[in-house]
Amino acid sequence: PGVDLYFESKRFPAVLDGVVKDISRESGYGNYVVIESADPRTGQKVDVLYGHLADGISLRPGQRINAGDVIGIQGGTGNVRSVDGTIASIDFLAPAPRGSKSMAPYPDYDNLRRYVVTQLQR
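Residues numbered from 1 in each chain as written. Predicted model: local features only at pLDDT ≥ 70, side-chain atom pairs only at ≥ 80, totals over all residues. Heavy atoms only, no water.

**What about the environment of tyrosine 29?**
Spelled out, the test is: Runs of H or I in DSSP of at least four residues are treated as helices and runs of E of at least two as strands, each being numbered from the N terminus. Here the term buried applies to any residue with accessible area under 20% of the maximum for its type, exposed to any over 50%, and partly exposed to those in between, with areas from a 1.4 Å probe on protein chains only. The contact criterion used throughout is that any non-hydrogen atoms of two residues lie within 4.5 Å.
By the element assignment, tyrosine 29 lies in the loop between β3 (18-26) and β4 (30-38). A relative accessible area of 18% means that tyrosine 29 is categorised as buried. Separated by 21 residues in the primary sequence, tyrosine 29 and tyrosine 50 place their C-alpha atoms 8.4 Å from one another. Apart from residues no more than four positions distant in its own chain, tyrosine 29 is found in contact with Leu49, Gly51, His52, Thr77, Gly78, Ser89, Asp91 and Met103.

**Quick look at the side chain of asparagine 31**
Within the secondary structure, asparagine 31 sits in strand β4. If we skip the residues at most four places from it in the chain, asparagine 31 touches Ser24, Arg25, Tyr50, Gly51, His52, Leu53, Ala54, Asp55, Ile57 and Thr77.

**Some words on the pattern of salt bridges**
Opposite charge on two side chains makes pairing possible when the charged atoms of those side chains draw close. We count it as follows: Salt bridges are counted wherever a side-chain nitrogen of Lys or Arg sits within 4 Å of a carboxyl oxygen of Asp or Glu.
Throughout the structure, instances matching the rule amount to 9 salt bridges. Note that lysine 21 is salt-bridged to aspartate 47, the shortest N-O span being 3.0 Å. Of this pair, lysine 21 sits in strand β3 while aspartate 47 sits in strand β5 (residues 45-53), placing them 26 residues apart in sequence. For the salt bridge of aspartate 110 with arginine 114, the shortest nitrogen-to-oxygen distance reads 3.0 Å.

**What to know about unusual backbone geometry**
In the Ramachandran plot, histidine 52 falls in the positive-phi region, its phi being about 70° despite a non-glycine side chain. By the element assignment, histidine 52 lies in strand β5. On the basis of relative accessibility, which here comes to 6%, the residue histidine 52 falls in the buried class. Of note, the phi angle at lysine 101 is positive, near 60°, even though the residue is not glycine. One can find lysine 101 in the loop between β8 (88-93) and α1 (109-121).

This is the structure in structure tokens:
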């Protein structure tokens, strides 16, 4: 329920303002960060998962993040298939308690995904 991107600089920016909720690692997403955010179109809460980050994430739970802040370096952790072995994956998930590892899609993820992609293209 999101989008895979490639940043030539490898600098992986947050796409929405929010607060760091979880930092973890799992086989599919590799190193990932979940930032509790709000859908700018509706104001509804959404958890944004940033996956496949390189090792060395320097964020901490509770840290405030602004859209555009670099949250890490796009990496090749987890299940990645790309020309250079790195990718930036962003998924929009339904809000869940900290540590739940829930991967339920945000109900309006497709429209939010389209909005975010349009904003990144500007």
